[in-house]
Amino acid sequence: MSRPFARMCALAGGLMLTALASAVPAQAYPDRPIRIIAPFPAGGLVDVLARAVGEEMAKSLGQPVIVENKPGAGGNLGAAMVANAAPDGYTLMMTSPGIQSINQFLYKEMPYDAAKAFAPISLVADMPMLVIVNPKTGFKTLKDLIAAAKANPDKLNFGSAGVGTTGHLGQALFVYAADIKVKHVPYRGAAPAVNDLIGGHLDGVVDNPPIVMAHIKSGTLTALAVGGPTRLAALPDVPTAAEAGLPAWQASSWFGLVAPAGTSPEIIKRLQAEVAKALKQPSMQRFVGESGMTLISNSPEAFETLIVAERKKWGDIIKAAKIEAN
């Protein structure tokens, strides 16, 4: 055998072995437990969603899916762990707007680059925010609230779960879109803010449906608008912001699954299919309806498009409102 021919055969054999080696992990995946990092405390929506989706995925993947809570720094601690994990499909994260599209504008130093650290897998759920007021304010519509705020700048008190939270940013976007000024009152969590709203110490809040839904249904609080493209099935009488005359206000909390950047496309595709399958299971329907949540599975490309668009929107609002994390 001539030397050139021998070298060519060796090269071809090497390329075949490389291709086979790269294909084996995807074909054998998964062959051990998968963990989903929930970068927020146990019991919260991110944690509960991660466990519910993970439980369904485990059934068809044939391997346990374990959820680990790694809270801290607005989700940055858990996110950094995932960003630095091996891109082998065995460490995933249930993510949110803060981690993907917001924190980079709030914190002076970040332990990861949100634009480069993760590989989107699929959106899991979307939950539009609400503009909510105490009935004693007398506001019946969003136009009533906006008119009062314009007539009395900085006189209305609006609470939030804290500086830089999605509720605070949803409020900032509402104020910007309506061209009004209100006084922001940050709390340590959404529950105390809602309690003060019920008690009449606040005029309003902008937040997600679950924590306020029961109070709206009982008449203790009044919802003036939904920050999504359609009305909520649980609140059919509450108009969208566009219907209420403020189409520029579109705000929601969404949740999705990501992997470390560099994870193979084959594994990403497999995981996306598993998420889509999981969301169709009856056990997942408890997140729909009263929670105001919509379960959504999309492609990695579509999820990436959403993240980039949200990054632009929230980045502009944070800079305009000069918001900084404590």
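Now for a description of the structure that goes with this document.

The number of helices and strands found in the protein chain is 10 helices and 11 strands. Structurally, the protein chain occupies a C-alpha span of about 95 × 40 × 30 Å along its principal axes. Within the protein chain, the proportion of its 326 residues that are buried is 48%. Counting only contacts in the protein chain whose residues sit at least 6 apart along the sequence, the fraction spanning at least 24 positions is 78%. When the accessible surface of the protein chain is totalled, it reaches about 15,000 Å², and 58% of it is carbon and sulfur. In the protein chain, 29 side chains carry a positive charge and 25 a negative one; their mean positions are 3 Å apart.

Right, let's get into the pattern of salt bridges. One pass over the full model with this rule turns up 10 salt bridges. With a closest N to O distance of 2.8 Å, R231 and E243 form a salt bridge. Placement of R231 in the loop between strand 9 (222-226) and strand 10 (252-260) and of E243 in the loop between strand 9 and strand 10 is noted, with a sequence separation of 12 residues between them. With a closest N to O distance of 3.9 Å, E274 and K277 form a salt bridge. Here E274 pairs with K277, and both are found in helix 9 (residues 265-279), just 3 residues apart, close to one helical turn.

Strand order in the open sheet formed by 6 strands is 2-1-3-10-4-11, with mixed pairing between adjacent strands. The sheet is open, and its two edges are formed by strand 2 (65-69) and strand 11 (294-295), each paired on a single side. Taken together, the 9 bridges between strand 4 (residues 118-128) and strand 10 define a ladder with antiparallel strand orientation. When the bridges of strand 10 are listed, P120 appears paired with V258. Sheet strands touched by helix 4 (residues 97-106): strand 3 (91-95), strand 4 and strand 10. Its angle to strand 10, the strand with the most contacts, is close to 100°.

The strand order across the open sheet built from 5 strands is 7-6-8-5-9, with neighbouring strands paired in mixed fashion. Pairing within the sheet leaves two strands with one partner each, and these edge strands are strand 7 (183-186) and strand 9. Within the sheet, the average angular offset between the axes of one strand and its neighbour, ignoring direction, is 30°. Bridge analysis of strand 6 (residues 157-160) against strand 8 (residues 204-207) gives 2 bridges, and the strand direction is parallel. In the strand pairing of strand 8, G159 is matched with V205. The strands touched by helix 7 (residues 190-198) are strand 5 (130-133), strand 6 and strand 8; relative to strand 8, the strand with the most contacts, the crossing angle is about 145°.

Right, let's get into the layout of surface pockets. One number sums up the size of the largest pocket: a volume of about 1,200 Å³. Taken together, 40 residues make up the lining of the largest pocket; nearest its centre are F40, A161, T165, T166 and A190. Taken together, the elements giving at least two residues each to the lining of the largest pocket come down to helix 2 (45-61), helix 4, helix 6 (166-178) and strand 10. In terms of residues, the lining of the largest pocket owes the most to one element, helix 4, which gives 5 residues. For the lining of the largest pocket, a count of residues per class yields 22 nonpolar, 16 polar and 2 charged.

By the definition in use, this model includes 4 aromatic pairs. On the basis of an interplanar angle of 65° and a centroid distance of 5.2 Å, the ring pair of Y29 and Y90 is categorised as edge-to-face. With Y29 in the loop between helix 1 (3-28) and strand 1 (34-38) and Y90 in the loop between helix 3 (76-83) and strand 3, this residue pair connects regions lying 61 residues apart in the sequence. In this structure Y90 comes out as buried when scored by relative accessible area, which is 9%. Aromatic side chains Y112 and F118 sit 5.5 Å apart centroid to centroid with 65° between the ring planes, which places their arrangement in the edge-to-face category. We note that Y112, like F118, is buried. The ring of Y90 carries the charged tip of R32 above its face, separated from the ring centre by 3.6 Å.

Right, let's get into the environment of G162. Inspection of the secondary structure puts G162 in the loop between strand 6 and helix 6. Classification of G162 by relative accessible area gives buried; the value is 8%. With 115 residues separating them along the chain, G162 and D47 place their C-alpha atoms 20 Å apart. Those residues within four positions of G162 in sequence are excluded, and the remaining contacts are H168, P186 and Y187.

Before going further, it helps to examine the pairing of strand 4. By the criterion of burial, strand 4 is predominantly enclosed, with 10 of the 11 residues buried. By the bridge criterion, 2 bridges tie strand 4 to strand 11 in an arrangement that is antiparallel. Looking at strand 11, one finds that D126 is bridged to T294.

Rules used throughout
Every chain's residues receive numbers from 1 upward, in the order its sequence appears when written. Residues qualify for local features only when their pLDDT is at least 70, as the model is predicted, and side-chain atom pairs are given and counted only at 80 or more; totals for whole chains, interfaces and linings, by contrast, use all residues. Note that the side-chain values use all heavy atoms of the structure and ignore hydrogens as well as water. Per the convention used, a helix needs a DSSP run of H or I reaching at least four residues, while a strand needs a run of E reaching at least two, with both numbered from the N terminus. Think of it in three bands: residues with accessible area under 20% of the maximum for their type are buried, residues over 50% are exposed, and the middle band is partly exposed, with areas taken using a 1.4 Å probe on protein chains only. Contact criterion: two residues are considered in contact whenever any of their non-hydrogen atoms come within 4.5 Å of each other. Residue exposure ignores everything except the shown protein chains as possible cover, and the areas themselves are Shrake-Rupley values with a 1.4 Å probe. The sign given to each residue is positive for Lys and Arg and negative for Asp and Glu; His and the chain ends receive no count. A charge is said to be at NZ when it belongs to Lys, at CZ for Arg, at CG for Asp and at CD for Glu. Whenever Lys or Arg places a side-chain nitrogen within 4 Å of a carboxyl oxygen from Asp or Glu, that contact is recorded as a salt bridge. For two strands to be treated as a pair, DSSP must find at least two bridges joining them. Fitting a line to C-alpha atoms yields each axis, with helices limited to the stretch in contact; the angle taken between N-to-C directions then spans 0 to 180 degrees. The way it works is a 1 Å grid over only the protein atoms, where trapped points that fit a 1.4 Å probe form a cavity and open points with protein on both sides within 12 Å along at least five of seven lines form a pocket, and then any residue with an atom within 4 Å of a point lines it. Grid points are joined across faces, edges and corners, and a volume is the space filled by probe spheres set on the points. Note on residue categories: nonpolar means Ala, Val, Leu, Ile, Met, Phe, Trp, Tyr, Cys or Pro, charged means Asp, Glu, Lys or Arg, and polar means any other residue, Gly included. Centres within 6.5 Å make a pair out of two Phe, Tyr or Trp rings, where for Trp the six-membered ring is used; the pair is then stacked when the planes are under 30 degrees apart, edge-to-face when over 60, and tilted otherwise. Lysine NZ or arginine CZ positioned within 6 Å of the ring centre and within 35 degrees of the ring normal marks a charge as sitting over the ring.

By themselves, these figures tell us nothing about what the structure is for.
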